[in-house]
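Take a look at the letters that make up each chain.
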Amino acid sequence: MGMGIDGLTSGLDTTKIINALMDAEAIPQSLMKKTVTSNTYLLTALQALNTKFASLFTQASALSKPDGLAMYQASSSSPAITVTAAAGARPIALDLSVTALAQAHAVVTAPQTAWPTSPAVLTFVKSDGTKVEVNADSDSLDAIAFTVNKSDAGVSAVKVASGTDASGAALYRLQFTATETGAAGAFKVYQGSAAEVDAGTAPSLTAAPDAAVLRTGQDAQVTLWAGTAAEQTISSKSNTFTAISPGIDITVNQLTTTPAVVSVIRDTAQVTAAAKDLTANVNIILGSIFTQSTVSGGGAAGSAVTSGLFTSNSTTAAAKDRLFTAVVSPVNGKSLSTIGINSTKNGDLVFDEKVFAAAYAKEPALVESTLAAISQRVADAAKAVSDPRDGTLSQSVKGKQTVINDLNAQILKWDDRLAQRRGALQSIYTNLEVQLGKMQSQQNWLTSQIGSLDAGSSKK
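Because the structure is a prediction, the values reported are computed rather than measured.

S.K.: Lay out the overall build of the chain in plain terms, naming residues and giving numbers.
M.R.: In terms of regular secondary structure, the chain is built from 9 helices and 19 strands. Over its C-alpha trace the chain gives a radius of gyration of 45 Å, far above what one expects of a compact globule, namely 23 Å for 460 residues. Taking the principal axes of the C-alpha coordinates as reference, the chain spans close to 160 × 75 × 35 Å. Buried positions account for 35% of the 460 residues belonging to the chain. The contacts of the chain with a sequence gap of at least 6 include a subset with a gap of at least 24, amounting to 66%. Summed over all atoms, the accessible surface of the chain reaches about 25,100 Å², with 55% contributed by carbon and sulfur. Mean positive and mean negative side-chain charge positions of the chain (34 and 36 charges, respectively) differ by 14 Å.

Shown next as structure tokens:
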């Protein structure tokens, strides 16, 4: 960039002149910057709207699925049973009695200071006859418990204090407990190797004096329709019965003396809330487009008229119309007012919870199918707008982003162009000052010469 000092010879304010010229030169760039600013505001609004449509698509798609409105409330008439309803559940009332609770097999050895043999060898025989031999590295009860817990026996071992013997030495027992409840987890434990068990020479630990079987592994059992010709007993290795009916799990925690009733009914409150939320989210989008399309001002004489970001935007207008039509169009020839969804003259929706709940209580299947149909139409409309690849609004966002990127690239080029132009102007005006300075010097010399000639003439 050239350098200069204003008006040394000419008296001109060259900096002001150059700045004025540069302002004129920069008009195209200034217009591009204004365009970028306005387009950025619009892009931000379009992105926010597109996000709302994408969220609506996710919500509506979930409700339109075959089990999207399968919302049920599960209960039990007895505290002995808890019920959970999941996907696939259907209304039902089951009579059942809890006749057995699942428990883990557990045994305890006789009190001892150390294992009778060193190193200790134990063999566990599972309910299916499988044998697991455990070899500890010493006769220490701690070592035995550690080795059992690391083995594949499916048994947890714990050392338990059991007082002292006659000499005052501390006594301990080993308690062995199956890691899983159920009859399949039952086991027998012997002192000796698997070969000795097969030979019948390995003593059973629970046969020793003061040893005991604390609990026998057993399954939980419930009886359906007790006292009828259809009576049936179902077993589970745990206290939880999975899918006792499609989508219904129960957990038992105590025995029952009389049959309990497990009920699954439609959850009117959940379905009503789902319909209300869907309508509310549609309203948010419709209201957002309407608000940002409104023209303000112009009421008083001379007042400015301000357009909204979406004013005259055909993409947002079409998206609004598509979504509104998807909701308010009749389903199977019936108006949606029959389930409490109404449109207003302002182009938004009103949801009447009482009307919806009453219709659902009267004809739940019909209301569910109607709401599912609406949800599918809303999902289709939202996808057509917000689909990342083909959505109209998504395409508009991409196009607007491309325009902004192109303008920013041009603005950067203009920065270089204007910098070069400023440097050229500064060189021109600096050279002007130099040339004027030379001319001033010549003028001064000529003036002095003429003056000396006049002086010589006057002497003569």
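Having seen it, we continue.
S.K.: Can you break down the packing of helix α6 (residues 314-328) against helix α8 (residues 364-386) residue by residue, with the values?
M.R.: Two quantities define a packed helix pair, namely the angle between the axes and the distance from one axis to the other. Their axes nearest at 8 Å, the elements α6 and α8 cross at an angle of 170°. Relative to α8, the element α6 lies roughly antiparallel. Two secondary-structure elements touch here, α6 through A319, R322, L323, A326 and V327 and α8 through I374, R377, V378, A381, A384 and V385. Along the lines of polarity and charge, the residues of the contact of α6 with α8 split into 9 nonpolar, no polar and 2 charged.

S.K.: Explain a nonpolar patch on the surface residue by residue, including any values.
M.R.: Nonpolar side chains collect at one region of the surface, where W445, L446 and I450 lie side by side and expose about 330 Å² of accessible area between them. Summarising the element assignment, I450 is placed in helix α9 (residues 392-459). With a relative accessible area of 49%, I450 lands in the partly exposed category.

S.K.: Kindly report on the sheet that holds strand β7 (residues 155-164), identifying the contributing residues and their values.
M.R.: If you trace the 4 strands from one edge of the open sheet to the other, you get β7-β8-β4-β10, paired in antiparallel fashion. The open sheet has two edge strands with one neighbour each: β7 and β10 (212-215). Each neighbouring strand pair of the sheet contributes to a mean axis angle of 25°, computed without reference to strand direction. This element, helix α3 (residues 141-150), spans β7 and β8 (170-178) of the sheet and lies at about 160° to β7.

S.K.: Go over the packing of aromatic side chains, please, and point to the residues and values.
M.R.: Inspection of the entire model under this criterion finds 4 aromatic pairs. On the basis of an interplanar angle of 80° and a centroid distance of 5.4 Å, the ring pair of F124 and F176 is categorised as edge-to-face. Residue F124 is found in strand β5 (residues 121-126), and its partner F176 is found in strand β8; the two are separated by 52 residues along the sequence. F176 carries the same exposure label as F124, and that label is buried. Joined through ring pairs, the aromatic side chains of F124, F176 and F187 make up one cluster. Between K159 and the ring centre of Y172, over which it is positioned, the NZ or CZ distance is 4.3 Å.

S.K.: Summarise helix α1 (residues 14-25); cite the residues concerned and give the values.
M.R.: Taking 1.5 Å per residue, 12 residues should reach 16 Å; α1 reaches 16 Å between its end C-alpha atoms and fits that length. Among all positions in α1, only T14, I18 and M22 are buried. The buried residues of α1 occupy an angular sector of 70° when projected down its axis, which confines them to one face. Along α1, exposed side chains directed more than 90 degrees from the buried face belong to K16 and D23.

S.K.: Explain the nonpolar core to me, and be specific about the residues and the numbers.
M.R.: Core analysis: the biggest nonpolar cluster contains 56 residues, and F53, V282, L323, F356 and V378 have the highest contact counts within it. Looking at this core element by element, the count peaks at 11 residues for helix α2 (residues 27-64). Beyond its immediate chain neighbours, meaning those up to four positions away, F53 contacts I285, I289, A319, L323, A382, V385, S386 and L393. The next biggest cluster of nonpolar side chains, apart from the first, holds 22 residues, and it includes W115, L141, A178 and L205.

S.K.: Kindly report on the confidence of the model for the chain, identifying the contributing residues and their values.
M.R.: Counting all residues, the mean pLDDT for the chain is 89, and 95% of those residues have values of 70 or more. Across the chain, strand β4 (residues 106-108) holds the top mean pLDDT of 98, while strand β16 (residues 296-297) sits lowest at 70.

S.K.: Before we move on, could you go through unusual backbone geometry and cite the residues and values that matter?
M.R.: Of note, the amide linkage connecting S118 to P119 takes the cis form, showing an omega dihedral of -5°. With respect to the element layout, P119 can be found in the loop between β4 and β5. Positioned with a positive phi, A243 is a non-glycine residue whose angle comes to about 55°. The residue A243 is located in strand β13 (residues 240-245) in this model. What makes A243 partly exposed here is its relative accessible area of 46%. Positive phi is not limited to glycine here, since N332 has a value of about 55°. Looking at where N332 falls in the secondary structure, it is placed in the loop between α6 and β18 (341-343). Note on N332: relative accessible area 73%, which makes it exposed.

Quick notes on the rules
One numbering rule holds for all chains: residues counted from 1, following each sequence as written. The predicted nature of this model means local features are confined to residues of pLDDT at least 70 and side-chain atom pairs, given and counted, to a pLDDT of 80 or more, with totals for whole chains, interfaces and linings taken over all residues. Only hydrogens and water are set aside; all other atoms, that is, all heavy atoms of the structure, feed into the side-chain values. Secondary structure elements follow DSSP: runs of H or I no shorter than four residues count as helices, runs of E no shorter than two count as strands, and numbering proceeds from the N terminus. Each radius of gyration reported is based on C-alpha atoms, and the globular scaling rule is 2.2 Å times the count of residues to the power 0.38. Under the scheme applied here, a residue whose accessible area is under 20% of the maximum for its type counts as buried, over 50% as exposed, and between as partly exposed, the area being computed with a 1.4 Å probe on protein chains only. The contact definition used throughout considers only heavy atoms, calling two residues in contact when any of these lie within 4.5 Å. Only the protein chains shown count as covering a residue, and every accessible area follows the Shrake-Rupley method with a 1.4 Å probe. As used throughout, the charge tally considers Lys and Arg to be positive and Asp and Glu to be negative, leaving His and the chain termini uncounted. By convention, the point assigned to a charge is CZ for Arg, NZ for Lys, CD for Glu and CG for Asp. To get an axis, fit a line to the C-alpha atoms, keeping to the stretch in contact for a helix; angles then go from 0 to 180 degrees between the N-to-C directions. For classification purposes, angles smaller than 35 degrees are called roughly parallel, those larger than 145 roughly antiparallel, those between 65 and 115 roughly perpendicular, and all remaining angles oblique. Three residue categories are used. Nonpolar comprises Ala, Val, Leu, Ile, Met, Phe, Trp, Tyr, Cys and Pro, charged comprises Asp, Glu, Lys and Arg, and polar comprises the others, including Gly. Any residue with relative accessible area above 30% and no salt bridge may belong to a patch, with like charges joined within 9 Å and the nonpolar Val, Leu, Ile, Met, Phe, Trp and Tyr side chains within 5 Å. Note on definitions: salt bridges are taken to be side-chain nitrogens of Lys or Arg within 4 Å of carboxyl oxygens of Asp or Glu. Between any two strands, at least two bridges found by DSSP are needed for them to pair. Note on ring pairs: Phe, Tyr and Trp rings are taken, using the six-membered ring of Trp, and paired if centres are within 6.5 Å. Classes follow the plane angle, with under 30 degrees stacked, over 60 edge-to-face and the rest tilted. Note on criteria: charge over ring means Lys NZ or Arg CZ within 6 Å of the ring centre, with the direction from the centre no more than 35 degrees off the ring normal. Each helix should span, by expectation, one fewer than its residue count multiplied by 1.5 Å. Directions are taken from the helix axis to each C-beta atom, and the arc is the one they span. What makes a nonpolar core is a set of buried Ala, Val, Leu, Ile, Met, Phe, Trp, Tyr and Cys residues whose side-chain atoms join them at distances within 4.5 Å. Within a predicted model, pLDDT stands for the predictor's per-residue confidence, ranging from 0 to 100.

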